[in-house]
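A closer look at the structure
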Amino acid sequence: MYRWLLCFRYLKTRYIALASIISVTLGVATLIVVNAVMSGFSAEMHDRLHGLASDIMIECHATGGMPDPEGHLREIERICGPAIVGSSVSVSVPAMLGIDFRGQRLGRHVNLIGLDPETYNSVSDFGKYLLHPANQNSASFRLHDAGYAPDRSELKLAGWEHRKRRVAQDREIEASIAEQRRVLQELKRQQMTQEERAAEIAASESAAAGPSIGPQFAAGMLESSAETPAEDTLTASIDPMEEQYDGIILGISTCSVRTRNAAGDVEDVYYAQPGDDVRMMFPSASEDTKVLNQKFTVVDLYESGMSEYDSTFAFVRLDRLQELRGMIDPQSGVRSVTTIQLKVAEGVDLNLVRDALRRRFPAGIYPYNIQTWRDLQGPLLSAVRLETTILNILLFLIIAVAGFGILATFFMIVVEKTRDIGTLKALGASGHGVSSIFLSYGLLLGFVGSGAGLVGGLLFVDNINGVAGIVERITGQEVFDPTVYYFSEIPTIIEPLTLVWVMIGAMTIAVLASVLPAIRAARMHPVRALRFE
């Protein structure tokens, strides 16, 4: 009992111990805050990385793709059995996106993906990241009237209303340009002499007549021309006021940029939005590869918050992309795909399923690349884990510094209280009892410091966005620039296991720092301690 009485007495009277307590408190609080923020970032990143990518992906590198995907799915089901709970097929091809913006053509390299919305949502969270609420439940490639992101003023008119306004403006501009050309030609004609007018009329008549080189086409050529398939003819034009081209969903960063206006407020500048028409240039799947140039209508935008996805992906209907690229066998009607995506049952080891598929489809025979979503994002996930580990090691050094402070404080107490230690041992206190005083004192310092750090760290995490706002007002600098980080609040997750090991680690360092002073006090001889007193 006397050990704890002495510990509490020293805790209340020895103000030098307060410095050690503060060091432990700061170290524990910092560790809790950093781990909460890093866990929040990691969870947010995992959700977004896994939001578009399925659990397991089988990618085919052949130009023509993977024929008979239904047969492959049956074989996969035979190998994996109930471990597979969802599947979808898609076509992925590199493409060039062309956007007409204020008289200029903007180009972006994108990855064009043809997908089936019904099955694609069963293996990923694709719909969750679309802007229109109706598409979030069931993605569609039809343009909606309105309702795209009502909270964004830039997209208030997105949809058919924006499309009709843009078409009307384009027609007015074209009519104005045509009228200007007609007026200029009329003015030029009025300034011409009669000889110049006669020469112009003669030149136009000669151009209309054209060169005479005999028959233009042979009979055989006309017959072969008549047999040309309809798919090679030009696509019929549509009325953009009432109709749309094939629908396309663009990653939001492919057609917009986040910047600041003159007032310093963050705003999004959209080069294209739902209702606009864009062009896609992509290769065909034939052996004699050709570049296809197709017009699409933007029907929605995809925003996951991951720049890797939002700035590189565009989505169209799977069947339409297969038709355009020539991925349908004209004889059998079998369609080819480039990717099979699988969703694995909860609790099943993804690596075991991946390895089983790799054994069935070896890379030496099949041009397939079979990966889990973690394999696909391995470097990024490893970098985050390494960063978290290094931060924990560095921040634990703060608590280690506090431990050296406790060590120095306790040595000073042993020297200063030599007479008291000798008296205790003369009265019958054992060496174990004397050493336990210092060990208990170290444990008490660690407990109080880590407890205060725990409370402080949890309060800081709970109010971290308010604290960030205060720091921004004081320094004039944003803690997290919204033009870089696509979230409105700092994500945090408090893991109980992390709190436990941080508390135990802090108290362990405090106890270990008191071991050497405790040993010195325990070995002190009472006669020698009291000789000069």
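The structure under discussion appears in the preceding block.
Right, let's walk through the structure included here. (Residues numbered from 1 in each chain as written. Predicted model: local features only at pLDDT ≥ 70, side-chain atom pairs only at ≥ 80, totals over all residues. Heavy atoms only, no water.)

**Regarding the nonpolar core**
Inclusion rule: Throughout this description, the term nonpolar core refers to a set of buried Ala, Val, Leu, Ile, Met, Phe, Trp, Tyr and Cys residues connected via side-chain atoms within 4.5 Å. Each residue gets one of three labels from its accessible area relative to the maximum for its type: buried under 20%, exposed over 50%, partly exposed in between, using a 1.4 Å probe on protein chains only. Secondary structure elements follow DSSP: runs of H or I of four or more residues count as helices, runs of E of two or more count as strands, with numbering from the N terminus. We call two residues in contact when some of their heavy atoms are within 4.5 Å.
Counting residues in each nonpolar core, the largest one holds 76 residues, and the members touching the most others are Leu112, Phe126, Ile248 and Met280. The element that contributes the greatest number of residues to this core is strand β3 (residues 84-101), accounting for seven residues. In this structure, Met280 is in contact with Ala95, Met96, Leu97, Val110, Leu112, Ile248, Leu250, Leu292, Asn293, Gln294, Phe296 and Ala314, ignoring residues within four places of it in sequence. Core analysis: the next-biggest nonpolar cluster, separate from the first, contains 15 residues, Ile406, Phe410, Ile413 and Val414 among them.

**Regarding the pairing of strand β4 (residues 104-115)**
On any regular strand, side chains alternate: one points to one face of the sheet, the next to the other face. Just so we agree on the cut-off: For two strands to be treated as a pair, DSSP must find no fewer than two bridges joining them.
Note that β3 and β4 share 12 bridges and pair antiparallel. Each residue of the ladder has a partner; that of Val91, found in β4, is Gly114. From the end of β3 to the start of β4, which pair antiparallel, there are two residues, and Arg102 there has a positive phi angle of about 55°. Two elements, β4 and strand β10 (residues 313-317), share five bridges in a ladder whose sense is parallel. Looking at the pairing, Asn111 lines up with Phe313 of β10.

**Focus on the environment of Ala168**
In this fold, Ala168 is placed in helix α6 (residues 160-190). C-alpha separation for the pair Ala168 and Met241, spaced 73 residues apart in sequence, amounts to 8.2 Å.

**Observations regarding the pattern of salt bridges**
Going by this rule: For salt bridges, the criterion is a side-chain nitrogen of Lys or Arg within 4 Å of an Asp or Glu carboxyl oxygen.
This model, assessed by the stated rule, comprises 18 salt bridges. With its nearest N and O atoms 2.7 Å apart, the salt bridge here joins Arg163 to Asp277. Highlighted residues: Arg163 in helix α6 and Asp277 in strand β8 (residues 277-283), separated in sequence by 114 residues. Grouping residues by exposure puts Arg163 and Asp277 together as buried. A salt bridge links Arg166 to Asp276, with the shortest nitrogen-to-oxygen separation between them at 2.9 Å.

**Quick look at helix α16 (residues 464-475)**
The condition is simple: Working rule for helices: expected span equals 1.5 Å times residues minus one. Note that the arc is defined by the directions from the helix axis to the C-beta atoms.
In this model α16 runs 16 Å from its N-terminal to its C-terminal C-alpha over 12 residues, within 8% of the 16 Å that 1.5 Å per residue would give. All of the buried residues along α16 are Ile464, Ala468 and Gly469. For α16, the arc enclosing every buried residue in end-on projection is 145°, short of the 170-degree limit, so these residues lie on one face. Summarising the geometry of α16, the exposed residues directed more than 90 degrees from the buried face are Arg473 and Ile474.

**A closer look at the side chain of Arg325**
Note the threshold: For the purpose of counting charges, residues Lys and Arg are taken to be positive, whereas Asp and Glu are taken to be negative. His and the chain ends are not included. Nitrogen and oxygen atoms within 3.5 Å of one another constitute a polar contact, given that in protein one can donate a hydrogen and the other can accept it, and given that sequence-neighbouring residues count only through two side-chain atoms.
Structurally, Arg325 is set in helix α10 (residues 318-325). For the buried Arg325, which has no salt bridge, the nearest side chain bearing the opposite charge is Glu59, at an N-O separation of 13 Å. A polar contact is formed between the side chain of Arg325 and the backbone oxygen of Pro283, at a distance of 2.9 Å. For Arg325, the residues in contact, after removing those within four places along its chain, are Thr63, Val91, Val93, Phe282, Pro283, Ser284, Ala285, Ser286 and Leu292.

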